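Okay, here's what each chain looks like letter by letter:
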Amino acid sequence: MKLALFLVRRVVAAVLSLVALSALVFAATDLLPGDAADTLAGAQASQGDRDQLRAQLGLDRNALDRFTSWLSHAATGDLGTGLVGGRPVAAVLGERLPNSLVLTALALLLAVPLAIAGGLLAGMRAQRRSDRVISGGALVLAGLPEFLTVVALTAVLSTWLGLLPEVSLAPVGGRPWDSPQVLVLPTLSLMLVGVATATRLVRSAVVDVVDAPYVESARLAGVSGGRLAVRHVLPNALGPAVQAVAVMFGGLTGGAVVVETIFNYPGVGYELQQAVANRDVPMVQGLSLALCATALLALLAGDVVATLLDPRRRGL
């Protein structure tokens, strides 16, 4: 019953967060200079033509009226139609979201084992050389701008070695996974972005557990090395580790915007960048809402799993 109440509270908080984030995204997009009417009219159009087009698109209404209208339709599942191109936002999501989810899933598949192994080793040997090397490397990697990581990978694997394509264009009428080589560079870029942060979070969880009485009892019983780490430390650090993975998923969702744009990868992030450039507010709102909802859902799932794994939190 308490877990059910916990879930209800978290879902309500997630919905309120989505509304607040939608308002912030709308305000930020609306404050940018220019609008979709300028994009559609072109550079040679007169001011009268722009004003007429702006009225046809409904952009002459005040911002609050436009946002509440969008929000009321979104609450019923209608995300509207893009102003530039006239594509339904839901159709764009249906086409692009699977591509982004596959990319994120592949990055997670590589990052999770590395983050757990690195965080476990660093936490078990805290303040020693191996900890300093892993933590320092993770810190440097986490501090690197994403575009720099992408440029470095592209320079080595594409420009110098010629092993992979520099862009990730999907085959005509197909999906990116129809040409698996186009997935490699975006996946590696996202993986490196996520694994650094997750490694440090897992390390912190392991450090909190490694001196616990039950771990000390296992040491006194002669358990050591990998057996101590895997059988006595990791299971008790698993709850925070799951939350670290959820945080990493949320970070990868945001990082995909940069990575997809640089590689021309046909995902939601690439579409979002295009929509922002065109000042296409309904498209920006719909795509942002989907990305935020995906990240919040991952964080909620991480909290629930961590709660179920931690006996101290089951009573809440």
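Since we're looking at a predicted model, the values are computed, not measured.

(A) Representation of the nonpolar core. Judged by nonpolar contacts, the single largest core of 24 residues is most densely connected at L185, L190, M248 and L252. The element that contributes the greatest number of residues to this core is helix 8 (residues 181-210), accounting for seven residues. If sequence neighbours within four positions are ignored, L185 has contacts with L153, T154, L157, S158, L164, P165 and F263.

(B) Quick look at the environment of L108. Assignment of secondary structure puts L108 in helix 5 (residues 89-124). Along the chain, L108 and V245 lie 137 residues apart, while their C-alpha atoms are 8.2 Å from each other. If near-sequence neighbours (up to four positions away) are discounted, L108 is found in contact with P113, V245, M248, F249 and L252.

(C) Expanded view of helix 1 (residues 2-31). If you check helix 1, its first and last C-alpha atoms are 43 Å apart, about what 30 residues at 1.5 Å a residue would give, namely 44 Å. Listed as buried for helix 1 are F6, A14, L18, S22, F26 and T29. Where helix 1 is buried, its residues touch helix 4 (63-75) and helix 12 (281-309).

(D) Expanded view of the packing of helix 5 against helix 12. Look at helix 5 against helix 12: their axes get within 11 Å of each other, and the N-to-C directions meet at 40°. In terms of axis orientation, helix 5 runs oblique to helix 12. Classified by chirality, the crossing of helix 12 by helix 5 is right-handed. Between helix 5, through V89, V92, L93 and L101, and helix 12, the contact on the second element is made entirely by P282, M283, G286, L287, A290 and T294. Looking at the contact of helix 5 with helix 12 residue by residue, the class counts come to eight nonpolar, two polar and no charged.

(E) Fine view of the environment of A246. Structurally, A246 is set in helix 10 (residues 225-263). The class for A246 is buried, based on a relative accessible area of 7%. For A246 and G137, which are 109 residues apart along the polypeptide, the C-alpha to C-alpha distance reads 22 Å. Leaving out residues up to four positions away in the same chain, A246 has contacts with A298, L299 and G302.

(F) The arrangement of the pattern of salt bridges in detail. Under the criterion given, the structure shown has eleven salt bridges. Of the charged contacts, one joins R96 and E271 as a salt bridge, the two residues approaching to 2.9 Å between their closest N and O atoms. With R96 in helix 5 and E271 in helix 11 (residues 268-277), this residue pair connects regions lying 175 residues apart in the sequence. The burial state of R96 is the same as that of E271; both residues are buried. By sharing partners, the salt bridges in this structure join D35, D38, R50, D51 and R54 into a single network.

Each value, and the rule that gives it
Residues numbered from 1 in each chain as written. Predicted model: local features only at pLDDT ≥ 70, side-chain atom pairs only at ≥ 80, totals over all residues. Heavy atoms only, no water. Core = buried A, V, L, I, M, F, W, Y, C linked by side-chain atoms within 4.5 Å. Buried < 20%, exposed > 50% of the residue type's maximum accessible area, 1.4 Å probe, protein only. Helix = DSSP H or I, 4+ residues; strand = E, 2+ residues; numbered from the N terminus. Contact = heavy atoms within 4.5 Å. Expected span 1.5 Å × (residues − 1). Axes fitted to C-alpha atoms, helices over the stretch in contact; angles between N-to-C directions. Parallel < 35°, antiparallel > 145°, perpendicular 65-115°, else oblique. Left-handed = near helix turned anticlockwise from the far one by under 90°. Nonpolar A, V, L, I, M, F, W, Y, C, P; charged D, E, K, R; others polar. Salt bridge = Lys/Arg side-chain N within 4 Å of Asp/Glu carboxyl O.

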